[in-house]
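Now for the letters of each chain:
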Amino acid sequence: MIQFLTQPWPWYFGGFMISIILFLLLWTGKSFGMSSNLRTLCSMMGAGKKVSFFDFDWKAQRWNLIVALGVVLGGFIASNYIVSTKSMDLSQNTVDQLLAMGIQDAGKSFAPEILFSNDAFTNPYVLLLLILGGFLVGFGARYSGGCTSGHAISGLSNIQLPSLIAVFGFFAGGLLINHFILPLLLKTLAI
Amino acid sequence: MKTVLFFTIGILFGIILYMSEVASWFRIYEMFQFDSFHMYGVIGTAVFLGVIIVFIVKKFKIKSILDSAPIAIPNKEKGWKRYLFGGIIFGSGWAISGACPGPMFSLLGAGFLPILIVIVSATLGTFFYGFIQHKLPH
């Protein structure tokens, strides 16, 4: 049991646990959606004075910010006190492809060092990549009205056609970038 | 009390995102390459069980533990433009940063500090949406 929990979790257990989170949040009368926090942050910082989209009672969303803070602590606990291995059971094809594009730690670390080690802060090209990725995620999540948790998990669980369209969009955009743009970006990074 | 409850749910979610490797950039790359069933299995299982959970909550009119009011699960607004266009933009960012909004926070706790740049930038992206919202097709 302990060994099962400290190894990377298999997909069926991960999926099961996410559905528990969905249930717990429904049970408290809330809904599961993490990207709303970004809107709340904007509102907290006073964006509502300039843009009406942020002019709402952000304090009513305080519960979700607390969930997000918990997620930060959860990531800390999992990475420092639970997980017993650094290796990942990635597919060999992914490992080989990334290796060919100059990413050498696929399967050996949780996130690529080239993007997520502290060296990233001083590499303008990596910074640009992180800024671009984040900006599109934040913009797209609000435009579509939700992210993976709000649309893919909550929305599909409630059998919402709009969420299905959004998830279709997630994959259309993701596949396009992953197959045609990301290789160019990563190759430039490796030079 | 409520704060403790939500904080605990968050901690559990943060652990799940890390332990199931959903927060890993590599897993997102692999998913878009169709190289592994892992991510599809995680999301598929969550949605399969989620459909059952939502069905039960509605069918038996389960009440909230906090205020004893029947749990309301609102429908998404009708339409398709915002969902398709917004979705494509979101997916593009997901493929680059390898992190959606939940995993971003889990990664921050796990000590991958450059994710802060992604979080700040995603907040700016959200602000920019609010700023040009009325000019976009919805």
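So, here is what we can say about the structure in this document.

Analysis parameters
Residues numbered from 1 in each chain as written. Chains lettered and ligands numbered in written order. Predicted model: local features only at pLDDT ≥ 70, side-chain atom pairs only at ≥ 80, totals over all residues. Heavy atoms only, no water. Helix = DSSP H or I, 4+ residues; strand = E, 2+ residues; numbered from the N terminus. Buried < 20%, exposed > 50% of the residue type's maximum accessible area, 1.4 Å probe, protein only. Contact = heavy atoms within 4.5 Å. Areas by Shrake-Rupley, 256 points an atom, 1.4 Å probe, with all protein chains shown as cover. Lys, Arg positive; Asp, Glu negative; His and termini not counted. Charge placed at Lys NZ, Arg CZ, Asp CG, Glu CD. Buried area = accessible area lost by both parts, 1.4 Å probe. Salt bridge = Lys/Arg side-chain N within 4 Å of Asp/Glu carboxyl O. Polar contact = N/O pair within 3.5 Å; in protein donor to acceptor, adjacent residues only side chain to side chain. Nonpolar A, V, L, I, M, F, W, Y, C, P; charged D, E, K, R; others polar. Axes fitted to C-alpha atoms, helices over the stretch in contact; angles between N-to-C directions. Parallel < 35°, antiparallel > 145°, perpendicular 65-115°, else oblique. Left-handed = near helix turned anticlockwise from the far one by under 90°.

**Looking at the overall build of chain B**
Scanning chain B from terminus to terminus reveals six helices and zero strands. Order of helices (α) and strands (β) in chain B, N terminus to C terminus: α-α-α-α-α-α. With the principal axes as the frame, chain B shows a C-alpha extent of 40 × 40 × 35 Å. Expressed as a percentage of the 138 residues in chain B, the buried residues total 58%. The long-range fraction of contacts in chain B, counting pairs at least 24 apart against all pairs at least 6 apart in sequence, stands at 41%. For chain B, the accessible area works out to roughly 5900 Å², and carbon and sulfur atoms hold 71% of it. Distance from the positive charge centre (11 side chains) to the negative charge centre (5 side chains) of chain B: 16 Å.

**Here we look at the interface of chain A and chain B**
Counting residues at the interface gives 126 residues for chain A, matched by 109 residues for chain B. Ranking the residues of chain A by area buried against chain B places Phe-110, Phe-116 and Tyr-143 of chain A at the top, with a combined share of 9%. There are zero salt bridges connecting chain A and chain B. Viewed at the interface, chain B and chain A are joined by 25 residue pairs in polar contact (both at pLDDT 80 or more). With 18 residues, helix α9 (residues 161–190) of chain A is the single largest residue contributor to the side of chain A that touches chain B. Here the side of chain A that touches chain B is built from residues that sort into 80 nonpolar, 40 polar and six charged.

**Considerations on the packing of helix α7 (residues 124–144) of chain A against helix α6 (residues 115–132) of chain B**
One can describe the packing of α7 of chain A onto α6 of chain B by two numbers: an axis separation of 6 Å at closest approach and a directional angle of 45°. Considering their axes alone, α7 of chain A and α6 of chain B lie oblique with respect to each other. The way α7 of chain A lies across α6 of chain B gives a crossing that is right-handed. On α6 of chain B, the residues that touch Leu-127, Leu-130, Ile-131, Gly-134, Phe-135, Gly-138, Phe-139, Arg-142 and Tyr-143 of chain A of α7 of chain A are Ile-117, Val-118, Ser-121, Ala-122, Leu-124, Gly-125, Thr-126, Phe-128, Tyr-129 and Ile-132 of chain B. The class makeup of the residues in the contact of α7 of chain A with α6 of chain B is 13 nonpolar, five polar and one charged.

In short, shape yes, function no, at least from these values alone.
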